[in-house]
Amino acid sequence: MKMLRCFSHAETRFAALLIAQTRPQRCYHSEKGVWGYKPIPKRDYQVAEEVRAARNAQANVYRLVEAFRQHGHKLATVNPISIKAPVATGQSGTEELQELSPAFYGLQTQETVRTAGLLSSPQMAQDVAQLEQLLKDIYCGSAVSAEFSYVENLEEREWLARNFESLEQQHQLPDTERREIAELLIKSQAWDNFMALKFPTVKRYGGEGAESMLAFFWQLLRDSVQANIEHVVLAMPHRGRTPLQAALLNMRPAKVFRKLSGASEFGEDIEAMSDVISHFHVSEQLEVLGRPLNFSMVRNPSHLEAANPVAMGKARSKQQTRGDGAFGPDSQPFGQHVLNVILHGDAAFAGQGINQECLNMAYVPHFEVGGSLHLIVNNQVGFTTPGDRGRSTAYTSDLAKSIQAPVFHVNGDDPEALARISKLAFRYQREFRKDIFIDLNCFRRWGHNELDDPTFTNPLVYQIVHQRQSVPDLYAQRLAKEEVLSESQAKEMRDNYMKYLGDELALAPSYQPPPSYFEKQWAGLQLAPTKELTYWDTGVDYGLLHFIGQQSVSYPADFNIHPHLQKTFVNARLKKLEAGSKIDWATAEALALGSLMYQGHNIRISGEDVGRGTFSHRHAMLVDQKTNEMFIPLNSMEGGNGGKLELAHSILSEEAVLGFEYGMAIDNPQNLIIWEAQFGDFANGAQIIIDAFIVSGETKWMESNALVMLLPHGYDGAASEHSSCRIERFLQLCDSKETSADGDSVNVHIVSPTTPAQYYHVLRRQLARNFRKPLVVVGPKTLLRLPAATSTHEDFQPGTLFHNVLGDTKVQADQVRKVVLCSGKHYYALAEEREKRQAYDTAILRLESLCPFPLQELQAQLAQYGHVQSFVWSQEEHRNMGAWTFVRPRFENLIGQQLHYCGRCEAPTPATGIGKVHKREVDEIVAAPFEL
């Protein structure tokens, strides 16, 4: 047995400063703030007296201005491939937009107006007719339009109107910068042309039709360094991903070409299954305007939008590591050094529910990232479905209105307009620390992918697309006409980049990708061993644990604790700690978390009402019964290296929340990130995150994580819902072998601990090891308070560890004729039944670890019993569920003995909803192993 001991040191923290911004005031359990959350100060704002006077003096004129701010976008012609006639307005009262007619407000076209205080445009209007034209130019143009009238905050609306109306004058680009944008667009087009020429049968999901998105990123990078942002985190689907990476984000084209030749994107020494080129990522330190900027693009699966909460979580983790905002020493609630950016596909943004979850999470305490900057790459078609048939809303961006996020609609044929609006969106996000959206109206030149024929389903749109010039060519011609970039210069840019790509293609066979894993914050960690299970001493001196346990239920003298908690929780815990016996599940968890915090690790537990726990057992957060103020005892623990506990009460979501936690887990390996499902079966709602990220991220992307999933499980008469966490699904997702011994390298570790000490050790083991693996804990419900399921102080001392198999200490080995194997809380029912029957010729072994399959420990336990005549697997679950189909082939192939089944028969649903039937089944499955 290999025994290792590992303790990590506290991370260095950094102070950060930020001017506090506003948020809608909400009720929260702390007005003082807790670690990871700071109250947002109210911002006072008043419209200037002279502005109010001007508006009141010309009330009907101001109504017209406000009408254009609210409805002007409906007349805008920002769609470069529209097959619909624009909406009209006039005087007769029969038009679609009467609100935009001056006559609607009793105004005459020659009536004199004064725009001061009404409109922020530097251009002046002398009469109503001029004002109407000016408003149409601003709000109904062919380059940009805006929606923000639904924003409730007056200061934000005024800010948006003021800055949008003076947009063109504020953000004119010099010729040098226009040439830079042109070169990026030309490179993007050249990339796609080169790929079409050299790899004509590859689905590359290029950027053709949406090349102007490069102008968004060009402006974003410049704005970021000028605002002292240190790290940009990006979530982006596959559309235009590789041309962006190659043209702007320093990805070597040879990496892509090597992949397309049939090789891996990783070195030859790495046994990874890898992924397609449209899922490649970059993590680079860029140099922008002579200053460094860290840029991370999170990995993406083909489940569009699934990467969005991952980016949010990663951004928050970087804020935490940086000591920024809510994690900093001052009172400022928002960090200033990390920016989260999310790109969306149009159909996916409107259609995928994870977006609603992410937006609903945007301003929730412990999930806030200080606002995200969004760009919708609006291809106006989803797979082959026309855009307006893929949603029930007017715009694909309308979901943004659910959180009052402003939206700017931009014509993809005008990269300069996109750059200008990107700068404005960036300024808004920095000013108010809220989400904002840019809807980039563009198109897909070749349909869903380059091998698709979109004319099957969208003939009229693609008549327009196939007859028009490309976005880069149109922009190059525009600059040539304005004598900013000559045709020869544009051709030289294109030819130089094509030559560079040709050189990279020639280098591809010999190109060796540099390591992209176990660097920076992951330095010192490694891949898990493939041929052995390692064992880690995770015990801690009980004197220290006793202190930590006391601290876990300590509170200030003036704190008004719930009287029931004082008696049944606080006093009870102190007695157990003093006695060193009957230590229950919640206490063991507090000892595990507190000891990790003492060593300097930060802990985060996320989920629905995790502070008290679904089963009201945890109470890691106390609430003052008079003031409603929150107090987290462990965060006031004295001594140690300063780790903190963040309790993140989540929205009623699984997919986005679990994705968020995964994003935190992949960013910092020294923090313990725990997601607790309210009931185990709620993990069903997060299956995309589990499948596409958690269990497969390492083999696809060489991206490790130590995320812990706590999934309460147990057949207690709760019918189909909430009985099973679907153990069988997680076991099916693991890469454990049926015919050879597992090592720690299996992709996911799945345990079903039956004692508090086992739970304590498995949590501590997550950070003690020199590798990181996701952990599924098949958690208890009834065991949380079961007197038989307790531990003593000896179980936590130095030299103790997590046991993959728990043997039977209640039998004499030479008298055993039958061995029953089981997992989880079912053990206690079997043990009770054995006691009733006095059947001490039957040994009961507990598989505490299911994956990796604990072959050596199981062999060692079985070696004691020389007279066994039969082996039985007993489980609560139905035969087509639970661990039976996983355990049986491994036991029979590796142990070499036949294994008999005892449990419920096959069924289409986890459990019955009939009380009498449940009781009968319980009696039968408990008796069966002893009667076989």
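Residues numbered from 1 in each chain as written. Predicted model: local features only at pLDDT ≥ 70, side-chain atom pairs only at ≥ 80, totals over all residues. Heavy atoms only, no water.

(A) Spotlight on the overall build of the protein. Secondary structure assignment for the protein yields 28 helices and 26 strands. The dimensions of the protein, computed from C-alpha atoms along their principal axes, are 105 × 70 × 55 Å. Burial statistics for the protein: of 932 residues in total, 61% are counted as buried. Only carbon and sulfur atoms are counted for the fraction: they give 49% of the accessible area of the protein, which is about 36,000 Å². (Helix = DSSP H or I, 4+ residues; strand = E, 2+ residues; numbered from the N terminus. Buried < 20%, exposed > 50% of the residue type's maximum accessible area, 1.4 Å probe, protein only. Areas by Shrake-Rupley, 256 points an atom, 1.4 Å probe, with all protein chains shown as cover.)

(B) View of the environment of Leu 154. Here Leu 154 is to be found in helix H4 (residues 154-165). In sequence terms Leu 154 and Gly 915 are 761 residues apart; their C-alpha atoms lie 57 Å from each other. With near-sequence residues (within four places) excluded, Leu 154 lies in contact with Tyr 45 and Val 47. (Contact = heavy atoms within 4.5 Å.)

(C) Here's a closer look at the packing of H4 against helix H13 (residues 415-432). At a closest axis distance of 11 Å, the pairing of H4 and H13 adopts a crossing angle of 155 degrees. Here H13 runs roughly antiparallel to H4, going by the angle between their axes. Relative to H13, H4 is oriented so that their crossing is right-handed. From H4, Glu 155, Glu 156, Trp 159, Leu 160, Asn 163 and Phe 164 reach across to H13, where they touch Ile 421, Leu 424, Arg 427, Tyr 428, Glu 431 and Phe 432. (Axes fitted to C-alpha atoms, helices over the stretch in contact; angles between N-to-C directions. Parallel < 35°, antiparallel > 145°, perpendicular 65-115°, else oblique. Left-handed = near helix turned anticlockwise from the far one by under 90°.)

(D) Spotlight on helix H10 (residues 308-322). For H10, with 15 residues, the first-to-last C-alpha span of 21 Å sits near the 21 Å given by 1.5 Å per residue. Judged by how many residues are buried, H10 sits mostly within the fold: 14 of 15 residues are covered. Note on H10: the residue one or two positions beyond its end, Gly 323, has a positive phi of about 70 degrees. (Expected span 1.5 Å × (residues − 1).)

(E) Up close: the sheet that holds strand S22 (residues 818-822). Taken in spatial order, the 5 strands make up an open sheet running S21-S23-S22-S25-S26, and their pairing is mixed. One side of each edge strand has no neighbouring strand; the edge strands of this open sheet are strand S21 (805-806) and strand S26 (900-904). Sheet analysis places S22 next to strand S25 (residues 870-878), joined by 4 bridges and oriented parallel. Opposite Leu 821, over in S25, you have Trp 873 as the bridge partner. (Pairing = 2+ DSSP bridges.)

(F) Region of interest: helix H2 (residues 59-71). Over its 13 residues, H2 runs 18 Å from end to end, which matches the ideal 18 Å to within 8%, given 1.5 Å per residue. By the burial criterion, the buried members of H2 are Val 61, Tyr 62, Leu 64, Val 65, Ala 67, Phe 68, Arg 69 and His 71.

(G) Representation of the sheet that holds strand S13 (residues 603-607) in the model. Spatially, 7 strands are ordered S16-S13-S17-S18-S20-S19-S24 in an open sheet, and the strand pairing comes out mixed. Each edge of the open sheet carries a strand with a single partner, namely strand S16 (645-649) and strand S24 (849-851). The sheet shows a mean angle of 20 degrees between the axes of neighbouring strands, direction not considered. Two elements, S13 and strand S17 (residues 672-676), share 5 bridges in a ladder whose sense is parallel. Bridge assignment links Ile 603 to a residue of S17, and that residue is Leu 672. On top of the sheet, helix H19 (residues 585-599) reaches S13, S16, S17 and strand S18 (708-712); it is set at about 135 degrees to S13, its chief contact.

(H) Here's a closer look at the pairing of S18. Burial analysis of S18 places 5 of its 5 residues in the buried class, the great majority of the element. For S17 and S18, the ladder comprises 3 bridges, and the chain directions are parallel. Across the sheet, residue Ile 674 finds its bridge partner in S18, namely Val 708. Here S18 pairs with strand S20 (residues 775-779) via 5 bridges, running parallel. Paired with Leu 710 across the strands is Val 777, a residue of S20.

(I) Inspection of the side chain of Glu 833 at higher detail. Here Glu 833 shows up in helix H25 (residues 826-837). Since its relative accessible area comes to 15%, Glu 833 is described here as buried. Of the polar contacts made by the side chain of Glu 833, one reaches the side chain of Arg 837; its length is 2.7 Å. With residues up to four places along the chain from it excluded, the contact list for Glu 833 reads Val 926, Ala 927 and Phe 930. (Polar contact = N/O pair within 3.5 Å; in protein donor to acceptor, adjacent residues only side chain to side chain.)

(J) Inspection of the packing of aromatic side chains at higher detail. One pass over the full model with this rule turns up 28 aromatic pairs. Centroid distance Phe 349 to Phe 437: 5.3 Å. Interplanar angle 50 degrees. Geometry classified as tilted. Taken as a pair, Phe 349 in helix H11 (residues 346-351) and Phe 437 in strand S11 (residues 436-441) lie far apart in primary sequence, 88 residues in all. On the accessibility criterion, Phe 437 (0% relative accessible area) is buried. Geometrically, the ring pair formed by Tyr 428 and Phe 432 is tilted, given 5.2 Å between the ring centres and 45 degrees between the ring planes. Of this pair, Tyr 428 and Phe 432 both sit in helix H13, 4 residues apart, which is roughly one turn of that helix. Like Phe 432, Tyr 428 is buried. Taken together, the ring pairs in this structure connect Trp 191, Phe 194, Phe 199 and Phe 257 into an aromatic cluster. (Phe/Tyr/Trp six-rings, centres within 6.5 Å; stacked < 30°, edge-to-face > 60°.)

(K) A look at the pairing of strand S7 (residues 372-378). Burial analysis of S7 places 7 of its 7 residues in the buried class, which makes it a mostly covered element. The alternating pattern of S7 places Ser 372, His 374, Ile 376 and Asn 378 and Leu 373, Leu 375 and Val 377 on opposite faces, both of which are buried. Pairing analysis gives 6 bridges linking S7 to S11, with the strands arranged parallel. In the strand pairing of S11, Ile 376 is matched with Asp 439.

(L) Molecular detail of the packing of helix H7 (residues 213-226) against H13. At a minimum axis separation of 8 Å, H7 and H13 run at an interaxial angle of 35 degrees. Handedness of the H7/H13 crossing: right-handed. Within the contact between the two elements, H7 uses Met 213, Ala 215, Phe 216, Gln 219, Leu 220, Asp 223, Ser 224 and Gln 226 and H13 uses Pro 415, Leu 418, Ala 419, Ser 422, Lys 423 and Phe 426.

(M) The arrangement of the pattern of salt bridges in detail. The full count for this structure, using the stated rule, is 53 salt bridges. Salt-bridge contacts for Asp 495 lead to Lys 491; the nearest nitrogen and oxygen are separated by 2.7 Å. Taken as a pair, Asp 495 and Lys 491 lie in helix H16 (residues 487-507) at a separation of 4 residues, close to a single helical turn. Sharing partners across several salt bridges, the network here consists of Asp 175, Arg 178, Asp 414, Glu 416, Arg 478 and Glu 482. (Salt bridge = Lys/Arg side-chain N within 4 Å of Asp/Glu carboxyl O.)

Read these as geometric descriptors, not functional statements.
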